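# Observations on chain architecture
Chain by chain, the residues:
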Amino acid sequence: MVSAPILSDINNDSNSIAPIDSLIYYILAYSYFHLHDTDPNSAWENVANTKDPLLRKLDPSLSTPISVGDHLIGLIGLGPEYTGGEYGHDDFDL
């Protein structure tokens, strides 16, 4: 997500993801970030607000971790669900 060419002209902290980023902490705690969550908690709202420029630019409907063992090594940001619907809990487990 961070190295996407669409972000190459933008260089600020709101468009990057650091190891101590609120999005990383959220994914470690909840295992995924669903941009269109219908019942967001305060942690989700914090991520949505602080990462708004990045999320708006990339529009990942679902962000999920890439892990090796217990180590988070990256994130995958998925675009809209191919059926045109919303991602469901079955998708989150994949």
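Residues numbered from 1 in each chain as written. Predicted model: local features only at pLDDT ≥ 70, side-chain atom pairs only at ≥ 80, totals over all residues. Heavy atoms only, no water.

## Looking at unusual backbone geometry
Put simply, the test is: Think of it this way: any DSSP run of H or I at least four residues long counts as a helix, any run of E at least two long counts as a strand, and we number them from the N terminus.
The phi dihedral of S31 falls on the positive side, at around 75 degrees, and the residue is not glycine. Even without glycine at this site, D59 takes up a positive phi of about 50 degrees. With respect to the helices and strands, the residue D59 is situated in the loop between α3 (52-58) and β2 (62-68).

## Observations regarding the packing of aromatic side chains
The condition that has to hold: Any Phe, Tyr or Trp ring, taking Trp's six-membered ring, that has another such ring centre within 6.5 Å forms a pair; planes under 30 degrees apart are called stacked, those over 60 apart edge-to-face, and the others tilted.
Within this structure, the stated rule accounts for three aromatic pairs. Through a chain of ring-to-ring contacts, the aromatic side chains of Y26, Y30, F33 and W44 assemble into a single cluster.

## Concerning the nonpolar core
Condition: Nonpolar core, defined: a set of buried Ala, Val, Leu, Ile, Met, Phe, Trp, Tyr and Cys residues in which side-chain atoms within 4.5 Å join the residues together. Using a 1.4 Å probe on the protein chains alone, a residue whose accessible area is under 20% of its type maximum counts as buried, one over 50% counts as exposed, and one in between counts as partly exposed.
Within the largest apolar cluster, 13 residues are counted, with the highest numbers of intra-cluster contacts made by I17, L23, F33 and L75. Sorting the residues of this core by element identifies α1 (22-30), α2 (42-50) and α3 as the ones contributing at least two each. Examining the composition of this core, we find that four residues originate from one element, α1, more than from any other.

## Regarding the pattern of salt bridges
Let me state the cut-off plainly: A carboxyl oxygen of Asp or Glu within 4 Å of a side-chain nitrogen of Lys or Arg is what we treat as a salt bridge.
Within the structure shown, the criterion is met by two salt bridges. Residue K51 pairs with D21 through a salt bridge whose shortest N-O separation is 3.1 Å. Of this pair, K51 sits in the loop between α2 and α3 while D21 sits in the segment before α1, placing them 30 residues apart in sequence. A single burial state applies to K51 and to D21, both of which are buried. Of the charged contacts in the structure, one is a salt bridge between D52 and R56, with a shortest N-O distance of 2.9 Å. Of the two residues, D52 and R56 both sit in helix α3, four residues apart, roughly one turn of that helix. Owing to a relative accessible area of 29%, D52 belongs among the partly exposed residues under this scheme.

## Concerning the pairing of strand β3 (residues 71-78)
Which entries qualify depends on this criterion: Only strands that DSSP links by at least two bridges are regarded as paired with each other.
With seven bridges joining them, β2 and β3 adopt antiparallel strand pairing. Pairing of V68 across the sheet is with H71, part of β3. Joining the antiparallel neighbours β2 and β3 is a turn of two residues, in which G69 adopts a positive phi near 65 degrees.

## Brief notes about a nonpolar patch on the surface
We apply this condition: Residues forming no salt bridge and having over 30% relative accessible area are the ones grouped into patches, like charges within 9 Å of each other and nonpolar side chains (Val, Leu, Ile, Met, Phe, Trp, Tyr) within 5 Å. The protein chains shown are the only cover counted for residues, whose accessible areas, like all others here, come from Shrake-Rupley with a 1.4 Å probe.
A cluster of nonpolar side chains, contributed by I66, V68, I73, I76 and L78, occupies part of the molecular surface with about 400 Å² of accessible area. For the nonpolar patch, the secondary-structure elements that each account for two or more residues are β2 and β3. Examining the composition of the nonpolar patch, we find that three residues originate from one element, β3, more than from any other. You can see V68 is positioned in strand β2.

## Topic: the environment of T50
Formally: In the analysis that follows, any N or O atom pair within 3.5 Å is treated as a polar contact, provided that within protein one partner can donate a hydrogen and the other can accept it, and provided that, for residues neighboring in sequence, both atoms belong to side chains.
Here T50 lies in helix α2. The spatial distance from the C-alpha of T50 to the C-alpha of L23 is 8.8 Å, given a sequence separation of 27 residues. Polar side-chain contacts of T50 include one of 3.0 Å to the side chain of S22.

These figures come from the coordinates and say nothing about function on their own.
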